[in-house]
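The residues making up each chain are set out below.
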Amino acid sequence: MSYSQDGFSLPEVLLALLLMNMTLCAVLQGQQAMSQGFAGQWQQRERWQALRQSLQGLSASDRAIYLQRRPGPQGCQLYQASTRWRQKNIRLNQLICDKLTP
């Protein structure tokens, strides 16, 4: 008598499930890392936008943004907005001149 095998054996199925599980975990970890990266970029974009709005005199968010005005070259004014983000100071400068001299 000869027996023919239909389907997969139990060790083959378990090995396939293990490989599928490992692949799925790797894909999910990659997706999580990408998601965190995008969130960080979005937060950074929001910080720069808040600094720009502060320099333009628009109401910025409730973040701690410090504005300074200093004399610049040839009678111009240097406006500086700064804040702290991810343990770093970020700063945006704008030089405003009423009239240009040649």
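Before reading on, note that the structure itself is shown above.
Let me begin by describing the structure that accompanies this report. (Residues numbered from 1 in each chain as written. Predicted model: local features only at pLDDT ≥ 70, side-chain atom pairs only at ≥ 80, totals over all residues. Heavy atoms only, no water.)

1. Brief notes about the state of the cysteines
Logical step 1: A full pass over the atoms with the stated rule returns one disulfide.
Logical step 2: Here Cys76 pairs with Cys97 through a disulfide, and the sulfurs are 1.8 Å apart. Looking down the S-S bond of the Cys76 and Cys97 bridge, the torsion is 110°, so its handedness is right-handed. With Cys76 in the loop between strand E1 (66–71) and strand E2 (77–85) and Cys97 in the segment after strand E3 (88–96), the pair connects residues that are 21 residues apart, well separated along the chain.
Logical step 3: Given a relative accessible area of 6%, Cys76 falls into the buried group. (Disulfide = S-S within 2.5 Å. Helix = DSSP H or I, 4+ residues; strand = E, 2+ residues; numbered from the N terminus. Buried < 20%, exposed > 50% of the residue type's maximum accessible area, 1.4 Å probe, protein only.)

2. Some points on the pairing of E2
Logical step 1: The sheet contact formed by E1 and E2 spans six bridges and is antiparallel. Bridge pairing in E2 links Arg70 to Leu78.
Logical step 2: Connecting the antiparallel pair E1 and E2 is a turn made up of five residues, with Gln74 showing a positive phi of about 55°.
Logical step 3: Pairing geometry for E2 and E3, over nine bridges, is antiparallel. The residue of E3 that forms the bridge with Tyr79 is Gln94.
Logical step 4: With antiparallel pairing between neighbouring strands as the criterion, E2 and E3 make up a hairpin whose turn holds two residues, including Arg86 at a positive phi of roughly 50°. (Pairing = 2+ DSSP bridges.)

3. Some thoughts on the side chain of Thr83
Logical step 1: When you line up the elements, Thr83 lands in strand E2.
Logical step 2: The class for Thr83 is buried, based on a relative accessible area of 3%.
Logical step 3: Within the structure, Thr83 has its side chain in polar contact with the side chain of Arg47 (distance 3.4 Å).
Logical step 4: At 2.7 Å, the side chain of Thr83 and the backbone oxygen of Ala64 are in polar contact.
Logical step 5: With sequence-adjacent residues up to four places away left out, Thr83 is seen in contact with Arg47, Leu51, Ala64, Ile65, Lys88, Asn89 and Ile90. (Polar contact = N/O pair within 3.5 Å; in protein donor to acceptor, adjacent residues only side chain to side chain. Contact = heavy atoms within 4.5 Å.)

4. Side note on the sheet that holds E1
Logical step 1: Here we have three strands laid out as an open sheet, ordered E1-E2-E3, and antiparallel in their pairing. For this open sheet the edge positions go to E1 and E3, each flanked by a neighbour on one side alone. With strand direction ignored, the average angle separating the axes of adjacent strands in the sheet is 25°.
Logical step 2: Taken strand by strand, helix H1 (residues 10–55) contacts E1, E2 and E3, and its axis lies near 150° from that of E2. (Axes fitted to C-alpha atoms, helices over the stretch in contact; angles between N-to-C directions.)

5. Digging into a nonpolar patch on the surface
Logical step 1: There is a patch of nonpolar side chains on the surface, built from Phe8, Leu10, Val13, Leu14, Leu17 and Met20 and spanning about 660 Å² of accessible area.
Logical step 2: Positionally, Leu17 belongs in helix H1. (Patch = residues over 30% accessible without salt bridge, like charges linked within 9 Å, V, L, I, M, F, W, Y side chains within 5 Å. Areas by Shrake-Rupley, 256 points an atom, 1.4 Å probe, with all protein chains shown as cover. Salt bridge = Lys/Arg side-chain N within 4 Å of Asp/Glu carboxyl O.)

Function-wise, these values are silent; they only describe arrangement.
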